[in-house]
Amino acid sequence: METARPASHASSDSVRVTNPLGSSPFVLTCDHASNFLPAQFGTLGLAAEDLSRHIAWDPGALPVATRMAQALDATLIETRISRLVVDCNRPLDAPDLVPPVSETTAIPGNTGLTEKQRAARVALSWQPFHSAIEHIVEERLARGQETRLVSVHSFTPVYKGYDRPWHIGIIHDEDRRLASPLISALKRLAGITVGVNEPYSPADRVYFTLERHARSRGLPCAMIEIRNDEISGETGQRKWADMLTGIFSNLEPEEARGSRSIAVGKSVQSAS
């Protein structure tokens, strides 16, 4: 688990922006980067081993995103508080914004919260994260810098007893400008099973950060999900970061296509 920070952990510490003036067109976000719980939340009633599981964060996602950002000279914006406190990749009216249950695990410390308690969690983590993205994107657009948003996540190999065969998934909605060439590049790699809107899709309410900051502005965007057993250690993290960096170094969005619906719906799942 992440090294504990002081109990006086402030909202300004709940988000970190690395390389804010990066020259790359890509801005990376890591929405579930940390499993850190500020002292006032205790363990939320969970056992210590639960806090290292995917329910608390996206294991391996941050090291991959960090290495990519360094290699690409990209900006990286990361959360620094566990998704169990508040999920920064959910709208404020989402039932799992403060999840009472994650996968099959009940979260005792998230039950029976008052509106004031929920609002305090939003102010602690959710609002600073989205304000930081908003600031970065607006500054880039103001100076005419091309901007493409990519969020980096990880997923569990097994979810509620169902094996997930994909090594990586690319999530997108009807705007495929970035997703299509990314998917094509990944599918050209030997030994890689690529999920398209798998293991999640926008229908699973996991696309919020990109909807809020990219889609609302017409910016190209895509969401990356890497199976977390692939990036559980430094070797795998380096492998995937370098592989994706190689692709992103030459990745250009496709021309915008006419607006049309695509099949993005699937069974709703509760974690991303």
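Thresholds, definitions, all that
- Residues numbered from 1 in each chain as written.
- Predicted model: local features only at pLDDT ≥ 70, side-chain atom pairs only at ≥ 80, totals over all residues.
- Heavy atoms only, no water.
- Helix = DSSP H or I, 4+ residues; strand = E, 2+ residues; numbered from the N terminus.
- Buried < 20%, exposed > 50% of the residue type's maximum accessible area, 1.4 Å probe, protein only.
- Contact = heavy atoms within 4.5 Å.
- Areas by Shrake-Rupley, 256 points an atom, 1.4 Å probe, with all protein chains shown as cover.
- Bend = angle between axes of the 7 residues up to and from the residue.
- Salt bridge = Lys/Arg side-chain N within 4 Å of Asp/Glu carboxyl O.
- Pairing = 2+ DSSP bridges.
- Axes fitted to C-alpha atoms, helices over the stretch in contact; angles between N-to-C directions.
- Core = buried A, V, L, I, M, F, W, Y, C linked by side-chain atoms within 4.5 Å.
- Phe/Tyr/Trp six-rings, centres within 6.5 Å; stacked < 30°, edge-to-face > 60°.
- Lys NZ or Arg CZ within 6 Å of the ring centre and 35° of its normal.

Quick word on the overall build of the protein chain
No. 1: From N to C terminus, the protein chain includes 5 helices and 11 strands.
No. 2: Out of the 272 residues belonging to the protein chain, those deemed buried represent 55%.
No. 3: The long-range fraction of contacts in the protein chain, counting pairs at least 24 apart against all pairs at least 6 apart in sequence, stands at 84%.
No. 4: Within the structure as shown, the protein chain displays about 11,200 Å² of accessible surface, and the carbon and sulfur contribution to it stands at 52%.

Some details on helix α2 (residues 115-142)
No. 1: The principal kink in α2, of about 45 degrees, is found at Ala 123.
No. 2: Where α2 terminates, the next one or two residues include Gly 144, which has phi positive at roughly 75 degrees.

As for the pattern of salt bridges
No. 1: Taken as a whole and judged by the stated rule, the model has 19 salt bridges.
No. 2: Note that Arg 227 is salt-bridged to Glu 230, the shortest N-O span being 3.8 Å.
No. 3: You can call Arg 227 buried: its relative accessible area is 12%.
No. 4: A salt bridge links Glu 230 to Lys 239; the shortest N-O distance between them is 3.6 Å.
No. 5: When salt bridges with common partners are traced through the structure, they connect Asp 173, Glu 174, Asp 175, Arg 177 and Arg 215 into a single cluster.

Regarding the sheet that holds strand β11 (residues 221-227)
No. 1: Pairing is mixed in the open sheet, where 7 strands are placed in the order β1-β3-β2-β6-β11-β9-β10. Of all the strands in the sheet, the pair left with one neighbour each is β1 (15-18) and β10 (194-196). Taking the axes of each pair of neighbouring strands and ignoring which way they run, one obtains an average angle of 20 degrees across the sheet.
No. 2: Across 4 bridges, β1 lies against strand β3 (residues 75-79) in antiparallel orientation. Within β3, the position partnered with Val 15 by the bridge is Thr 79.
No. 3: Running over the sheet, α2 touches β1, β2 (26-30), β3 and β6 (148-155) and is turned about 165 degrees from β3.
No. 4: Sheet strands in contact with helix α5 (residues 234-248) are β2, β6, β9 (168-171) and β11, and its direction is about 155 degrees off that of β11.

Some thoughts on the nonpolar core
Note that soluble globular proteins tend to have their nonpolar side chains buried in a common cluster.
No. 1: Ranked by size, the top nonpolar core spans 42 residues in total, and within it Ile 77, Leu 84, Val 85, Val 86, Leu 97, Trp 126 and Leu 149 carry the most contacts.
No. 2: If you list the elements that add at least two residues to this core, you get α2, β6, α4 (208-213) and β11.
No. 3: A per-element tally of this core places α2 first, with 8 residues.
No. 4: The contacts of Leu 84, once residues within four sequence positions are left out, are Leu 44, Leu 46, Leu 51, Ile 55, Ala 56, Val 98, Pro 99, Ile 107, Asn 110 and Arg 121.
No. 5: Formed by 35 residues, the second largest nonpolar core is a distinct cluster that contains Leu 62, Leu 76, Val 152 and Ile 231.

Section: the packing of aromatic side chains
No. 1: As enumerated under the stated definition, the model contains 2 aromatic pairs in all.
No. 2: Judged by centre distance (4.8 Å) and plane angle (70 degrees), the rings of Phe 26 and Phe 248 are edge-to-face. In this pair, Phe 26 sits in strand β2 while Phe 248 sits in helix α5, placing the two residues 222 residues apart along the sequence.
No. 3: Taking relative accessible area as the criterion, Phe 26 reaches 2% and is therefore assigned buried.
No. 4: Judged by relative accessible area, which is 2%, Phe 248 ranks as buried.
No. 5: When the ring centre of Phe 26 is taken as origin, the NZ or CZ atom of Arg 148, which lies over that ring, is 5.0 Å away.

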